[in-house]
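Understanding the architecture of this molecule
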Amino acid sequence: VQLQASGGGLVQAGGSLRLSCAASVRTFNNYRLAWFRQAPGKEREFVASISRDGGGTGYADSVKGRFTISRDNAKRTVILQMNSLKPEDTAVYYCAAGSTVISSNAYNPTAYGYWGQGTRVTVSS
């Protein structure tokens, strides 16, 4: 499985960005998907995840109500729509895929076997 993330950039606080991650696997709908982020000097942290059929989502408290994760199984893509961005959202964002992830461990980066290369998001104050 190869994942290619895109859509990062520089935005002012209060602005929006849309991250996209394209997967190169036929059985895309067999994978739970997630976004994680890593700020300089910090550990990688969970942002959001989405179930295989797109019917279930989960968010970190820090982004709840501002970010929305979605997926298009036909296009093999996962999207992270980020609104009302804050300077503390500045990080490299990674998409991840896992075939054995369940909702109870969806926040754990070690549950995911495949990772994209990351896309940088910078939010200025």
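As a reminder, the structure under discussion sits directly above these lines.
Residues numbered from 1 in each chain as written. Predicted model: local features only at pLDDT ≥ 70, side-chain atom pairs only at ≥ 80, totals over all residues. Heavy atoms only, no water.

In this section: the sheet that holds strand β8 (residues 77–82). Taken together, 4 strands build an open sheet; the order of strands is β1-β3-β8-β7 and the sheet is antiparallel. Of all the strands in the sheet, just β1 (3–6) and β7 (67–72) have a single pairing partner and so form its edges. Each strand axis lies, on average, 15° off the axis of its neighbour in the sheet, ignoring direction. The pairing of β7 with β8 spans 6 bridges and is antiparallel. Opposite D72, over in β8, you have T77 as the bridge partner. (Pairing = 2+ DSSP bridges. Helix = DSSP H or I, 4+ residues; strand = E, 2+ residues; numbered from the N terminus. Axes fitted to C-alpha atoms, helices over the stretch in contact; angles between N-to-C directions.)

Before going further, it helps to examine the side chain of S51. With respect to the helices, strands and loops of the structure, S51 is situated in the loop between β5 (45–50) and β6 (57–59). With a relative accessible area of 12%, S51 lands in the buried category. For S51, the side chain forms a polar contact with the main-chain nitrogen of G55, separated by 3.2 Å. Setting aside anything within four residues of it in sequence, one finds S51 in contact with R32, G56 and R71. (Buried < 20%, exposed > 50% of the residue type's maximum accessible area, 1.4 Å probe, protein only. Polar contact = N/O pair within 3.5 Å; in protein donor to acceptor, adjacent residues only side chain to side chain. Contact = heavy atoms within 4.5 Å.)

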